[in-house]
Amino acid sequence: MEKKVSPAKLLANIDIFANLDTRSIELIAQRMKLVRYKKDDIICNEGETGDRMFVIVGGEISVLKKGNDDSDIKITTLGPGEVAGVMSIFEKDVRSATLQAAETLELLVLDKDTFQEILKRNVEMANKLLAHLSRQLRAETYTVAKLLSGDVDKRMKIAFFDSKPYTKSVFTQNNKEHFSLHFFEPRLNVDTVSLSAGFQVVCAFVNDDLSARVLEQLKQNGVKLVAMRCAGYNNVDIDAAHKLGISITRVPAYSPNAVAEHAIALTLALNRKIYRAYNRVREGNFSLTGLVGSELYQKTAGVIGIGKIGKCLVQILSGFGMNILGYDKFQDGEFAEQHKLAYVSLNELFAAADVISLHAPLLPETYHIINKDSIQKMKPGVILVNTSRGALIDTSALINGLKSGKIGAAGLDVYEEEEEYFFEDLSDKIITDDTLARLMTFNNVIITGHQAFLTKEALSEIARVTLESIIRFEQGGRFRELPNAVLPKGEKEIKSRAGV
Ligand code: NAD
């Protein structure tokens, strides 16, 4: 059972009470009330006056602020041991944010009147608090003096948007305190762009909005570089950025092995029905009926797109003893010879492959490369795996192929309309996309939420390459002088030293 921390221990860790003796802390702790909130309950609203301090015992609080369009934007999350509303026990204070229960919540609440009464009876305690506050004031004054004298943290500040716990941990580790990093949970858009004020560099991800409108605001806020911590940049208006004088960089490739290994994970899980076995055994059902798989040994794999990821996959598949067919617009004869890969036409690949894995980029000519016609040409029972881009597959045609049994199983890490869903916890929402909902009902489909890249090695490489570009920017590099710069059409990128 989880051991609960005592209220006194929680209070002792709060800065303002840190120099009080145990007896004083216990005196306050005894007067605090334990209050429970249900998920989504509002604890207090931004702008209203409050006279209660909250200490989180269990659960999490979402801290929300109003955006330009009056919608709530989650700024951060507070967890056990963290505190909100300290000033309101000294005098009624205007709430700077709305606090909402992110899950079932237990709070210790101290109200101003109770606290004032304790102070009146304990002059010594009041003096200690006053001394602590004075020391803090002196420290703050010193900081202001440093600021005024120019003797401040001179490190370049980077604002991360759409940041997740793994973003924070990997960038903090790779940064080695070189830059001053600030992690914001919200995605970048017109409502959240104000958070970029005071930053020269913004680090963004696949679902951030970098349209001309947002870029104009970034420029007004002093941003001069947008470092994309991903390969794709279809969400960036490159021409607008360059007109505004904002440089853009990206990470063209990180770990091709990560994606290839995920494609294998999907293939094996589907072929040997691991996901079904896992669920059965957890429920005490050890029946094997319906779990018959087939061996990959001497079967035929069809790999579409033999680039960095496709090549890693070919090497892994050859270890299984498979015959490997490949289709690519451009062929690498030397690699094919080394790895017993046979380049064939798309139609030949469709006709012969028992497993088809997609690794071509999304381009006008590859859009819906898997469609009604191509599915008709495939072997009955084929396993189809897509870890590349959702729109390589016409999802309606795939659903029909699954319904008819022509497609034996599908492993999908990407989906045509994934933007609205992937990367977020929507477990308490209704899925309104009927196509996605239908796909999720098949017992021979595994969907993962664009996680093929998500390995420690790939994240570390993304952080390293992104920071390398920002260091070059710090040294005075702009636009095409930056490693992995994204330039308006017609201009050539300069590859990073690492060649990624
Ligand atoms: P790459 O550029 O090294 O390889 C792509 C290959 O596709 C090249 O060999 C290219 O010649 C080939 N190609 C181009 N046009 C083609 C066409 N019309 N028909 C067939 N082949 C064609 O790229 P990569 O690093 O191997 O990445 C492949 C894809 O994987 C990317 O497009 C990306 O969208 C996707 N990806 C997914 C994830 C994930 O987490 N799911 C992560 C990284 C990359």
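Note that the coordinates shown come from a computational prediction; the quantities given were computed from them, not determined experimentally.

Reading the values: rules and limits
- Residues numbered from 1 in each chain as written.
- Predicted model: local features only at pLDDT ≥ 70, side-chain atom pairs only at ≥ 80, totals over all residues.
- Heavy atoms only, no water.
- Domains from an automatic or database assignment.
- Contact = heavy atoms within 4.5 Å.
- Buried area = accessible area lost by both parts, 1.4 Å probe.
- Pairing = 2+ DSSP bridges.
- Helix = DSSP H or I, 4+ residues; strand = E, 2+ residues; numbered from the N terminus.
- Axes fitted to C-alpha atoms, helices over the stretch in contact; angles between N-to-C directions.
- Buried < 20%, exposed > 50% of the residue type's maximum accessible area, 1.4 Å probe, protein only.
- Right-handed = clockwise from strand over helix to strand, strands pointing away.
- Near = heavy atom within 4 Å.
- Polar contact = N/O pair within 3.5 Å; in protein donor to acceptor, adjacent residues only side chain to side chain.
- Areas by Shrake-Rupley, 256 points an atom, 1.4 Å probe, with all protein chains shown as cover.
- pLDDT = per-residue confidence, 0-100.
- Parallel < 35°, antiparallel > 145°, perpendicular 65-115°, else oblique.
- Left-handed = near helix turned anticlockwise from the far one by under 90°.
- Nonpolar A, V, L, I, M, F, W, Y, C, P; charged D, E, K, R; others polar.
- Phe/Tyr/Trp six-rings, centres within 6.5 Å; stacked < 30°, edge-to-face > 60°.
- Lys NZ or Arg CZ within 6 Å of the ring centre and 35° of its normal.

Many analyses report the size of an interface as the accessible area lost when the parts associate. Split by domain assignment, the protein resolves into domain 1 (7-146), domain 2 (157-254 + 457-481) and domain 3 (256-447). Relative placement of domain 1 and domain 2: their C-alpha centres are 33 Å apart. Taken residue by residue, the interface counts 9 residues in domain 1 and 6 residues in domain 2. For the pair domain 1 and domain 2, the two sides together bury roughly 550 Å², of which 48% comes from carbon and sulfur. Its largest share of buried area at the contact with domain 2, domain 1 owes to Asn 68, Ile 73 and Ile 75, together 63% of the area lost on that side.

One open sheet holds the 5 strands; their spatial order is β12-β11-β13-β14-β15, and the pairing between them is parallel. Bordering the open sheet on either side are β12 (180-183) and β15 (247-249), each of which pairs with just one other strand. Taking each pair of neighbouring strands and ignoring which way they run, the sheet shows an average axis angle of 20 degrees. One ladder, built from 4 bridges, connects strand β11 (residues 157-160) with β12; its direction is parallel. Following the sheet pairing, Phe 160 is matched in β12 by Phe 183. Across the sheet, helix α5 (residues 165-175) is in contact with β11, β12 and β13 (201-204); its angle to β12 comes to roughly 180 degrees.

Side chains Val 201 and Cys 203 project from β13 onto one buried face, and the interleaved Val 202 and Ala 204 project onto a second face that is buried too. Where β11 and β13 come together, 3 bridges link them in parallel fashion. Counterpart to Ala 159 in the pairing with β13 is Val 202. Here β13 runs beside strand β14 (residues 225-228); their pairing, made up of 4 bridges, is parallel. Pairing of Val 201 across the sheet is with Leu 225, part of β14. Read as a crossover between parallel neighbours, the route from β13 over helix α6 (residues 212-220) to β14 is right-handed.

Quick look at the site of the ligand now. Around the ligand lies a shell of 24 residues, among which Lys 308, Ile 309, Asp 328, Thr 387 and Asp 413 are the nearest. Contact distances for the ligand include 3.3 Å between an oxygen atom and a backbone N or O atom of Gly 307. Surface burial for the ligand is 84%, taken as the share of its 860 Å² of free accessible area covered by protein chains.

Here the protein averages 91 in pLDDT, and 96% of its residues register 70 or above. Every residue in residues 493-500 is under pLDDT 50, and counting partners more than four places away or in other chains gives 22 contacts.

With that out of the way, let us pick up the packing of helix α8 (residues 256-271) against helix α10 (residues 308-319). Put simply, α8 and α10 touch, their axes get as near as 8 Å, and they point 50 degrees apart. Judged by the angle between their axes, α8 and α10 are oblique. The two elements α8 and α10 meet at a crossing, and its hand is right-handed. In contact with Pro 256, Asn 257, Val 259, Ala 260, Glu 261, Ala 263 and Ile 264 of α8, α10 contributes Lys 308, Ile 309, Cys 312, Leu 313, Ile 316 and Leu 317. Classifying every residue of the contact of α8 with α10 gives 10 nonpolar, 1 polar and 2 charged.

Under the criterion given, the structure shown has 9 aromatic pairs. For the ring pair Phe 90 and Phe 115, a centre distance of 5.4 Å and an interplane angle of 85 degrees mean the geometry is edge-to-face. Taken together, the residues Phe 90 in the loop between β7 (83-84) and β8 (93-94) and Phe 115 in helix α3 (residues 112-121) connect sequence positions 25 residues apart. Ring pairs connect the aromatic residues Phe 205, Tyr 254, Phe 423 and Phe 453, which therefore count as one cluster. Over the aromatic face of Phe 199 sits the side chain of Lys 157, whose NZ or CZ is 4.7 Å from the ring centroid. Seen from the ring of Phe 335, Lys 311 lies directly overhead, with NZ or CZ sitting 5.3 Å from the centre.

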